[in-house]
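Descriptive analysis of the structure
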Amino acid sequence: MHNLVPMMDFKAQWHETSPELRQALDTVGESGYLILGKEVKAFEAALAEYCSVSASVGCANGLDAIEISLRALGLQPGDKVLTTPLSAFATTLAIIRAGGVPVFVDVDSRGLVDLGLAEAALAADSAIKFFVPVHLYGHSLDLERLRALKKKFQLKIVEDCAQAIGASWRGVPVGTVGQLAALSFYPTKNLGCMGDGGAVLGSDTALISQAAALRDYGQTAKYVHDIIGMNSRLDELQAAILRRAFLPRLKSVTARRRQIAQVYLENIKNSRISLSSLASDCESVWHLFPLLVQGSPEALAAHLSNLNIASGRHYPGLITEQKALQGLHHECVGQLERATIFARTELSIPLHPYMDDSQVARVVDAVNSWKP
Ligand SMILES: *Cc1c(COP(=O)(O)O)cnc(C)c1O
């Protein structure tokens, strides 16, 4: 029996990065400073540069990064927020925690929020002033179109870039069109830390200061609380790990992800499986590689599992189908048909930077040999 092909290989990551990780621990330990010190500042600057924005604010996780961004943009309880029904639940949870009312529109053929339907929804309801689009699977939305929507409807946009750090549309990086953008450093993300972490990205000084205050009890200076904030700080240790070990590798990690995706795109051929469509203007970072499976994605998952290959569902249900949303004020525009097809048929196969070519070939063979 072959070794397991996992969705992500944290042991291989540890073996490759442990010298820098030990150095990060030493540096933080020796500094005697554990919260909001030099490491967080240095990481925030390095991250902003990587993402082509003026500044970033480290926080505790991606969920908080979205909530903080919405609150920094002035979201008031009851404000409607346009978003997608096909994402991590955290996208909607952040909107709800900020006091917003989520308004769901269907996705396009790539599984990303449909900007045409978004435009129609915005035209039909002038009460929608906020938008949380998600660059799902590592794919960038059409950023020219997103920019046009922002202008036409004077929209406040928080781009959810949790899966898409480094992705771009015709060379324009994700996270640079919305007033603010959110990242997650959950370990499985393209830039993960060794625990939880997240960041807000932006280029407007006032919004960035507001986000920085919100993540730290609403403090604008020590013991000065002008607004009601939260405790959502990024640890010095996680910041040191990110800047010293993982951020310097992100370019090569992304290049390897793209290489593997290319092999899949060229070689996966099975009449029961389709690849979600691509957009030629999108430079994806391939956080995930989604397949749409005719019949049952569980049957393909079982076949892969028999061959010792992991897989995942992104996502097996719509956010609107979750029990937590029942009885909670939200709106759906139309039937969400395409999102439902993704939810019923999607299966993600392993794609991570520590896969070797023989593992990639095993995944291709396993998918191609599946006969339901
Ligand atoms: C992971 C993720 C989040 C939430 O990030 P956490 O750090 O787990 O809170 C939000 N949105 C998307 C699209 C994600 O993939």
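Structure's up top.
With that settled, consider the packing of helix α9 (residues 250-267) against helix α12 (residues 357-368). Interhelical geometry of α9 versus α12 gives an angle of 30 degrees and a closest axis separation of 10 Å. Put simply, α9 runs roughly parallel to α12. Our pair here, α9 against α12, has a crossing hand that is right-handed. On α12, the residues touching Arg-256, Ile-260, Val-263, Tyr-264 and Asn-267 of α9 are Asp-357, Val-360, Val-363, Val-364 and Asn-368. Tallied by class, residues from the contact of α9 with α12 come to 6 nonpolar, 2 polar and 2 charged.

Here we come to the pairing of strand β3 (residues 101-104). Of the two faces of β3, both are covered, the one formed by Val-101 and Val-103 as well as the one formed by Pro-102 and Phe-104. Pairing analysis gives 4 bridges linking strand β2 (residues 80-83) to β3, with the strands arranged parallel. By the bridge assignment, Thr-83 is partnered in β3 with Phe-104. Strand direction decides the pairing type here: β3 and strand β15 (residues 331-332), joined by 2 bridges, are parallel. Within β15, the position partnered with Val-103 by the bridge is Glu-331.

What follows deals with the packing of aromatic side chains. Applying the stated rule across the entire model yields 3 aromatic pairs. Consider the rings of Phe-43 and Phe-185, whose centres lie 5.5 Å apart with planes at 75 degrees: the pair is edge-to-face. With Phe-43 in helix α2 (residues 38-50) and Phe-185 in the loop between β8 (180-184) and β9 (198-202), the pair connects residues that are 142 residues apart, well separated along the chain. Accessibility classification places Phe-43 together with Phe-185 in one group, the buried group. Here Tyr-264 and Phe-289 contribute two aromatic rings whose centre-to-centre distance is 5.0 Å and whose plane-to-plane angle is 70 degrees, an arrangement assigned as edge-to-face. Taken together, the positions of Tyr-264 in helix α9 and Phe-289 in strand β14 (residues 289-293) put the pair 25 residues apart, joining distant regions of the chain. The residues Tyr-264 and Phe-289 share a single accessibility class, namely buried. An aromatic cluster of three or more residues is present, and its members are Tyr-264, Trp-286 and Phe-289.

Moving on to the site of the ligand. Looking at the ligand, there are 13 residues lining it, with Gly-62, Leu-63, Asp-160, Ser-184 and Lys-189 nearest. Leu-63 has a polar backbone atom sitting 2.9 Å from an oxygen atom of the ligand. The contact in question runs from a nitrogen atom of the ligand to an N or O atom on the side chain of Thr-91, over 3.4 Å. Among the secondary structure elements, those contributing two or more residues to the shell around the ligand are α3 (62-72) and α4 (89-97). Looking at the shell around the ligand residue by residue, the class counts come to 5 nonpolar, 6 polar and 2 charged.

Time to look at the sheet that holds strand β16 (residues 346-349). Strand order in the open sheet formed by 3 strands is β12-β14-β16, with antiparallel pairing between adjacent strands. Strands at the two margins of the open sheet, each flanked by one partner only, are β12 (273-275) and β16. For this sheet, the mean angle separating the axes of adjacent strands, direction not counted, is 40 degrees. Pairing of β14 with β16 involves 4 bridges; the strand directions are antiparallel. Bridging across to β16, Pro-290 finds its partner in Ser-348.

A few words on the state of the cysteines. All told, the structure shown has 0 disulfides when counted by the stated rule. No disulfide involves Cys-282; its nearest neighbouring cysteine sulfur is the one of Cys-161, lying 12 Å away.

We now examine the nonpolar core. Counting residues in each nonpolar core, the largest one holds 37 residues, and the members touching the most others are Leu-82, Leu-86, Phe-131 and Leu-149. Elements with a contribution of two residues or more to this core: β3, α5 (115-124), β4 (128-132), α6 (143-152) and α11 (337-345). No other element matches α5, which puts 4 residues into this core. Membership of the second largest hydrophobic core comes to 31 residues, among which are Leu-47, Cys-161, Ile-165 and Leu-242.

What counts, and where the lines are drawn
- Residues numbered from 1 in each chain as written.
- Predicted model: local features only at pLDDT ≥ 70, side-chain atom pairs only at ≥ 80, totals over all residues.
- Heavy atoms only, no water.
- Axes fitted to C-alpha atoms, helices over the stretch in contact; angles between N-to-C directions.
- Helix = DSSP H or I, 4+ residues; strand = E, 2+ residues; numbered from the N terminus.
- Parallel < 35°, antiparallel > 145°, perpendicular 65-115°, else oblique.
- Left-handed = near helix turned anticlockwise from the far one by under 90°.
- Contact = heavy atoms within 4.5 Å.
- Nonpolar A, V, L, I, M, F, W, Y, C, P; charged D, E, K, R; others polar.
- Buried < 20%, exposed > 50% of the residue type's maximum accessible area, 1.4 Å probe, protein only.
- Pairing = 2+ DSSP bridges.
- Phe/Tyr/Trp six-rings, centres within 6.5 Å; stacked < 30°, edge-to-face > 60°.
- Near = heavy atom within 4 Å.
- Polar contact = N/O pair within 3.5 Å; in protein donor to acceptor, adjacent residues only side chain to side chain.
- Disulfide = S-S within 2.5 Å.
- Core = buried A, V, L, I, M, F, W, Y, C linked by side-chain atoms within 4.5 Å.

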